[in-house]
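Notes for the structure review
Residue strings, one per chain:
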Amino acid sequence: ITQSGTVTSEGFTDYLSDESEVEMQREAERRAGEAELAAKLERTKIELGREEQEFRAARSQLASVGLQPPPAWS
């Protein structure tokens, strides 16, 4: 159990130094930041997957259309 500067486990209480508390806070913030980045990356992957599916669907619908550049481009 953690309470304002102390950690109690199995009847033993360890009083944390201010530096330890600051380090624990930094670690918690770092982990929260990593979790936020991981969630953002996952959302980006999902979005890219949707865009890829949309592109493939549009491409397959146009596969039978014979597209040729205008003669002036040759």
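Residues numbered from 1 in each chain as written. Predicted model: local features only at pLDDT ≥ 70, side-chain atom pairs only at ≥ 80, totals over all residues. Heavy atoms only, no water.

What to know about the overall build of the chain
The condition is simple: Here a strand is any run of E in DSSP of at least two residues, a helix any run of H or I of at least four, and the numbering for each starts at the N terminus. Burial status follows relative accessibility: with a 1.4 Å probe on protein chains alone, a residue under 20% of its type maximum counts as buried, one over 50% as exposed, and anything between as partly exposed. In short, Shrake-Rupley with a 1.4 Å probe defines the accessible areas, and a residue's cover is counted only from the protein chains shown.
Helix and strand counts for the chain stand at one helix and three strands. When its helices and strands are written in sequence order, the chain yields β-β-β-α. Counting over 74 residues, the chain shows a buried share of 4%. For the chain, the accessible area works out to roughly 7000 Å², and carbon and sulfur atoms hold 55% of it.

Considerations on the pattern of salt bridges
Going by this rule: Basic side-chain nitrogens of Lys or Arg form a salt bridge, by our definition, when they fall within 4 Å of a carboxyl oxygen of Asp or Glu.
Using the criterion set out here, one finds six salt bridges in the structure. Measuring nitrogen to oxygen at the nearest pair gives 2.4 Å for the salt bridge that ties Glu27 to Arg30. Taken together, the residues span about one helical turn, with Glu27 and Arg30 both in helix α1 (residues 18–62) at a distance of three residues. Residue classification places Glu27 among the partly exposed positions, given a relative accessible area of 24%. For Arg30, a relative accessible area of 39% corresponds to the partly exposed category. Put simply, Arg50 and Glu47 hold a salt bridge, and the shortest N to O gap is 4.0 Å. Here Arg50 pairs with Glu47, and both are found in helix α1, just three residues apart, close to one helical turn. Because the salt bridges share partners, they merge into one network encompassing Glu27, Arg30, Arg31 and Glu34.

Regarding the environment of Arg56
What counts here: In protein, a polar contact means a hydrogen-donor-capable atom and an acceptor-capable atom, both N or O and within 3.5 Å, with residues adjacent in sequence counting only if both atoms are side-chain atoms; elsewhere, any N or O pair within 3.5 Å suffices.
You can see Arg56 is positioned in helix α1. Of the polar contacts made by the side chain of Arg56, one reaches the side chain of Glu52; its length is 2.9 Å.

Brief notes about the confidence of the model for the chain
Counted only if it meets this: Known as pLDDT, the predictor's confidence for each residue is given on a scale from 0 to 100.
Mean pLDDT over the chain works out to 86, with 81% of the residues at or above the 70 mark. Here strand β1 (residues 2–3) stands out as the element of the chain with the lowest mean pLDDT, 51, in contrast to α1, whose mean of 94 is the highest.

Things to note about a nonpolar patch on the surface
What counts here: Patch membership requires over 30% relative accessible area and the absence of a salt bridge. Like charges are linked within 9 Å, and nonpolar side chains (Val, Leu, Ile, Met, Phe, Trp, Tyr) within 5 Å.
Together, Leu62, Val65 and Leu67 line one region of the surface with nonpolar side chains, adding up to about 310 Å² of accessible area. Within the fold, Leu62 resides in helix α1.

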